[in-house]
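# Close look at the chain arrangement
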Amino acid sequence: MQYGYFDDKNKEYVIERPDTPTSWSNYLGSTRYGAIITNNAGGYSFFKSVAQGRFTRLRFNAVPMDQAGRYIYIHDADTKDYWSASWQPVAKPLDEYKSECRHGSAYTKISSDYSDIATNTNFFVPLDSDYECWRTTVKNNGATKRTLKMFTYVEYGCNWNANDDLNNLQYSQYITDMSVVDGIISHASNTNLPEMPDNLEEKDQARYTFLGAVGVEVTGYDTSREAFIGPYRSYANPIAVEKGECSNSLAKAGNPCGTLQFEITLEPGEEKEFAIFMGIGRAEKEGKQVVEKFANLDLIDSEFEKLKNYWHSKMSQMSVQTPDGDVDSMLNMWSQFNSLMTFFWSRAASLVYSGARDGLGYRDTVQDMLGVMHAIPELVQERLELMITGQVASGGAMPVVKPFAHKPGFEPEPSPEEFRSDDALWLFNAVPAYVKETGDLDFYKKVLPYADKGQDTILAHLRRALEFSIKYSGAHGFPCGMLADWNDCLELGQQGETVFVAFQLRYGLKTYIEICQLLETYEDEITWAVAELAKLDKNLHEHAWDGEWFLRAYRDDGLKFGSKENDEGSIFLNTQTWAVFSDHASQEEKVSAMDAVHRELATDYGIMLCAPPFVNTDYKVVRAALFNPGLKENAAIFTHTQGWTIMAEAILGRGERAFDYYKSTLPAAYNDRAEVRQIEPYVYCQSTISKFHPQEGASRLPWLTGAATWAYYAASQYIIGIQPDYNGLSIDPCVPAKWDKFQVERQFRGATYQISVSNPNGVNKGVASIKLNGEAIEGQCLPVCASGSNNKVEVIMS
Ligand code: IFM
């Protein structure tokens, strides 16, 4: 079943059928003023934090789904019929009501066509603004004059603290103070208290937002949800809309809402326009300023163009033209936009993450940078430095860093039981990736504080991460599992050991040696790291191989995980892939391990995290047993890990398999069978249900996932094969043999590279020659060209 299509030219996904299997959502705004919007205008808005700054309501996981949102109701004054400018919430029959939703880069346009009235609303947040705009046109396509009464609707939170608004009703129902100033709604709470704009964590303080209209005269309002909707009614049939008249209610308790009423008359063929603005601040001040600023609606259009250009320019740092349209749709827009939103909102704001998780989880955040390094290196640097200051002096990392409350040098060191064994080791992926993208070698020497005490260069921070893993190693010489080791469901404890993190440690040591060699004056460091690497390799050789694949872990009593000896979880994916790109294993072991992955774990919908699932294993040993078989960490297709699998196969040069794996979880590849995956065919998700469950193929938890970043990283750097390196742009594609040619445009350190790759002999991997501006170059690494230059690159594979 197909619900929409990719409009690649405009970088939009167009939903033509609004009755999608799940809500298909998009993100508006920035990390100051953020918003979620669905294909039916459901969603919510928040300021800086979803947990502490949520000021409109969405009822999560509710029936009907994705309500409330940003609604515009239309009531025909003559016929008394009414509908909404998005299919929901009134939901007119789809044979009479046509709708289109265009999700784009931080904007969503929703149009409706019903009863000869066509509307088109563009929802977006202008750049650097603390308000959102709903820019609407209404057109009469009929032959008679129409008088339309229109009503906006947003449902406000009483308290900006999402949890209090939802749960602490004996408090939150008594703090609302709504008013209307010159036609602008003032949504206020705790007005007897002072405002503390710089203290987001303090929930008991005065807060203000506004809702105003431009281009129409406000003739009425409701600010009480109870008055607008009426008892025992719903968003589908509010009493005010049915009557065609608001009651000018002013909520001084209970549930506030934002309804402005206005009237539009339209001659046949006539079109009118208006805009609604909702934002942070007081109606009488910020509200008035915004409404006055946009009195000329043309200014809205220029703000919209600026916003679109901003995002498009970020995503045009790399663009591809390949023989596969699904790949192009994802790599040129959605894979990047998905990675950007994941970077910005971590795991806090979506239709599933309801704001309970405030703060940046260490491991996820450090990985999230990899997919956006090329697009927003300045913002990555800021976030990376923040995370480095979340590492404590012992080398471990704080599990969560709270950007608004983090105080480097003054944070308590987590107790040994609180550490995750993998957290700080992800810096070996992110830090070199940042330096390779920017060329800023001095970054390694930049001094930054530790979270708890002291300070050091970033290079020394990296060394401490290695020391931490080495110090907390167990009987087989592998890092201890601690609270978790990427897999939150493996609780190996203080003495149990993780082979996965052993491979991460190997990758870290190898990377550390490369950095020290590059910086030239660190002979002692190289000697130390080489010796540690040799010890680790010996232990890996002796204790990590299970005959055909690598073990996953050892419990403290010696019990193996991921071994043929186990009836459940006898093979795990992560140790096979990481054995390849930590480069520990022999070629035979690598091939055997990755073949075992193909045999035991690969399915049509992606590769399972482990198999067989856990049913009888004690859940205190493997918490995956908490989930039904085939779900999440219990043998689902955990999408975060797919990128590693693609990378491992590409390193082995097996282009067909790497590409098959890539396509098996590529959202766009499911566009014409969207009922299988159910979620948005333009975004990645946390997991896809595997063959051990009756709903195989259904996917869950779209948008905010490490899958986005690793899928983009794997495709752009290992399939397309354009890898930033310290001294240039390395080219090493690994593609299906049938790809006879493809093009890439890459911005790198200020220069443009227009790369044409041809594959005349239909190989998977191998570069025969490269010409830069007509001159043959040695090797596979393009030099750094002059900033501003435009360079033509011809690559021949063979
Ligand atoms: O790696 C974790 C991640 O940090 C949070 N979600 C689950 C993943 C796998 O357990």
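Residues numbered from 1 in each chain as written. Predicted model: local features only at pLDDT ≥ 70, side-chain atom pairs only at ≥ 80, totals over all residues. Heavy atoms only, no water.

### Regarding the overall build of the protein chain
A tally of helices and strands in the protein chain yields 19 helices and 42 strands. Expected size for 798 residues packed as a compact globule is a radius of gyration near 28 Å; at 28 Å, the protein chain falls within 12% of this value. Overall, the protein chain is about 80 × 60 × 50 Å in size when its C-alpha atoms are taken along their principal axes. In the protein chain, which comprises 798 residues, the proportion classed as buried is 62%. When the accessible surface of the protein chain is split by element, carbon and sulfur atoms take 48% of a total near 28,200 Å². Of note, the protein chain has its 74 positive side-chain charges centred 1 Å away from the centre of its 106 negative side-chain charges. (Helix = DSSP H or I, 4+ residues; strand = E, 2+ residues; numbered from the N terminus. Rg over C-alpha atoms; globule rule 2.2 N^0.38 Å. Buried < 20%, exposed > 50% of the residue type's maximum accessible area, 1.4 Å probe, protein only. Areas by Shrake-Rupley, 256 points an atom, 1.4 Å probe, with all protein chains shown as cover. Lys, Arg positive; Asp, Glu negative; His and termini not counted. Charge placed at Lys NZ, Arg CZ, Asp CG, Glu CD.)

### A few points about the packing of helix 10 (residues 427-438) against helix 11 (residues 458-471)
Where helix 10 contacts helix 11, the two axes come as close as 11 Å, and the packing angle between them is 160°. The pairing of helix 10 with helix 11 is recorded here as roughly antiparallel in orientation. Between helix 10 and helix 11 lies a crossing whose hand is left-handed. Across the interface between the two elements, L427, F428 and V431 of helix 10 pack against I458, L462, A465 and L466 of helix 11. (Axes fitted to C-alpha atoms, helices over the stretch in contact; angles between N-to-C directions. Parallel < 35°, antiparallel > 145°, perpendicular 65-115°, else oblique. Left-handed = near helix turned anticlockwise from the far one by under 90°. Contact = heavy atoms within 4.5 Å.)

### Structural notes on the sheet that holds strand 17 (residues 256-266)
Taken together, the 5 strands give an open sheet; going across it, the order is 7-6-12-17-16, and neighbouring strands pair in antiparallel fashion. Two strands close off the open sheet at either side, each with one partner strand: strand 7 (82-84) and strand 16 (218-224). Ignoring strand direction, the axes of neighbouring strands in this sheet form an average angle of 20°. One ladder, built from 5 bridges, connects strand 16 with strand 17; its direction is antiparallel. Within the sheet, the bridge partner assigned to Y221 lies in strand 17 and is L260. (Pairing = 2+ DSSP bridges.)

### As for the pattern of salt bridges
This structure, assessed with the given rule, holds 52 salt bridges. Salt-bridge contacts for R57 lead to E155; the nearest nitrogen and oxygen are separated by 3.0 Å. Of this pair, R57 sits in the loop between strand 5 (43-47) and strand 6 (71-76) while E155 sits in the loop between strand 12 (146-153) and helix 1 (162-167), and the two are 98 residues apart along the sequence. Judged by its relative accessible area of 11%, R57 is buried. The shortest N-O distance in the salt bridge between R225 and E226 comes to 3.6 Å. Through salt bridges that share partners, R57, R59, E155, D165, R225 and E226 make up one connected network. (Salt bridge = Lys/Arg side-chain N within 4 Å of Asp/Glu carboxyl O.)

### What about the UniProt feature "domain: Glycosyl hydrolase 94 supersandwich" (unreviewed entry) in the protein chain?
Mapped onto this numbering, the UniProt entry annotates "domain: Glycosyl hydrolase 94 supersandwich" (unreviewed entry) at residues 11-296. Secondary structure content for residues 11-296 is 11% helix and 40% strand, and the end C-alpha separation is 27 Å. (UniProt positions renumbered as here; feature names shortened; annotations may be inferred.)

### Some points on the environment of D128
Structurally, D128 can be placed in the loop between strand 10 (117-124) and strand 11 (131-140). Each C-alpha atom, one on D128 and one on T31, is 10.0 Å from the other, the two residues being 97 residues apart in sequence.

### Here we look at the nonpolar core
Within the largest apolar cluster, 235 residues are counted, with the highest numbers of intra-cluster contacts made by F277, Y662 and I755. Ranked by residues supplied to this core, first place goes to helix 12 (residues 499-519) with 13 residues. Counting residues in each nonpolar core, the second largest holds 12 residues, with F572, C610, A624 and A635 among its members. (Core = buried A, V, L, I, M, F, W, Y, C linked by side-chain atoms within 4.5 Å.)

### Comments concerning the sheet that holds strand 36 (residues 728-731)
Strand order across the open sheet formed by 3 strands is 35-36-41, with antiparallel pairing between neighbours. Lying at the two open borders of the sheet, with one neighbouring strand each, are strand 35 (722-725) and strand 41 (781-783). Recorded for the sheet is a direction-independent mean angle of 30° between the axes of neighbouring strands. Relative to strand 41, strand 36 runs antiparallel, the two sharing 3 bridges. Within strand 41, the residue paired with L729 across the bridge is L782.

### Comments concerning the site of the ligand
Every residue lining the ligand is accounted for by R363, D364, W486, N487, D488, E633, F638 and Q686. Taking D364, its side chain carries an N or O atom lying 3.0 Å from an oxygen atom of the ligand. W486 has a polar backbone atom sitting 2.6 Å from an oxygen atom of the ligand. When the free accessible area of the ligand is taken as 280 Å², the share hidden by the protein chains comes to 90%. Partitioning the shell around the ligand into residue classes produces 2 nonpolar, 2 polar and 4 charged. (Near = heavy atom within 4 Å. Polar contact = N/O pair within 3.5 Å; in protein donor to acceptor, adjacent residues only side chain to side chain. Nonpolar A, V, L, I, M, F, W, Y, C, P; charged D, E, K, R; others polar.)

### What to know about the pairing of strand 8 (residues 98-104)
The element strand 8 is largely enclosed, with a buried count of 5 among its 7 residues. Sheet topology places strand 2 (residues 12-15) next to strand 8; 3 bridges connect them, and they run antiparallel. Its bridge partner lying in strand 8, V14 is registered against R102. As paired strands, strand 8 and strand 9 (residues 107-114) are joined by 7 bridges and run antiparallel to one another. When the sheet's bridge partners are listed, E100 is paired in strand 9 with S111.

### Details of the side chain of E132
Tracing the chain through its elements places E132 in strand 11. Judged by relative accessible area, E132 falls into the buried class, the value being 1%. A distance of 2.7 Å separates polar atoms of two side chains, one belonging to E132 and the other to Y33. Of note is the side chain of E132, whose polar atom sits 2.5 Å from the side chain of R70. Ignoring any residue separated from it by four or fewer positions in sequence, one finds E132 in contact with Y33, A35, S45, R70, F124, V125, I276, F277 and M278.

### Considering helix 6 (residues 298-315)
Compared with the 26 Å implied by 1.5 Å per residue over 18 residues, the 26 Å span of helix 6 between its first and last C-alpha is a close match. Looking at helix 6, one finds that the buried residues are I300, E303, F304, L307, K308, W311, H312, K314 and M315. Projection of helix 6 onto a plane perpendicular to its axis shows the buried side chains occupying an angular sector of 165°, all on one side. (Expected span 1.5 Å × (residues − 1). Arc of directions from axis to C-beta.)

### Some points on the environment of C246
The residue C246 is located in the loop between helix 4 (239-243) and strand 17 in this model. Aside from chain neighbours lying at most four places away, what touches C246 is F151, G220, Y221, D222, A240, T259 and Q261.

### Remarks on the packing of aromatic side chains
All chains considered together, the criterion is met by 62 aromatic pairs. Judged by centre distance (5.9 Å) and plane angle (55°), the ring pair of Y73 and F228 falls under tilted. Of this pair, Y73 sits in strand 6 while F228 sits in helix 3 (residues 225-229), and the two are 155 residues apart along the sequence. Overall, Y73 belongs to the buried group, its relative accessible area being 0%. Assessed through its relative accessible area of 0%, F228 is described here as buried. Pairing W545 with F550 gives two aromatic rings, centres 4.7 Å apart and planes at 70°, and the pair type is edge-to-face. Sitting above the plane of the F343 ring, R383 keeps its charged end 4.3 Å from the centroid. (Phe/Tyr/Trp six-rings, centres within 6.5 Å; stacked < 30°, edge-to-face > 60°. Lys NZ or Arg CZ within 6 Å of the ring centre and 35° of its normal.)

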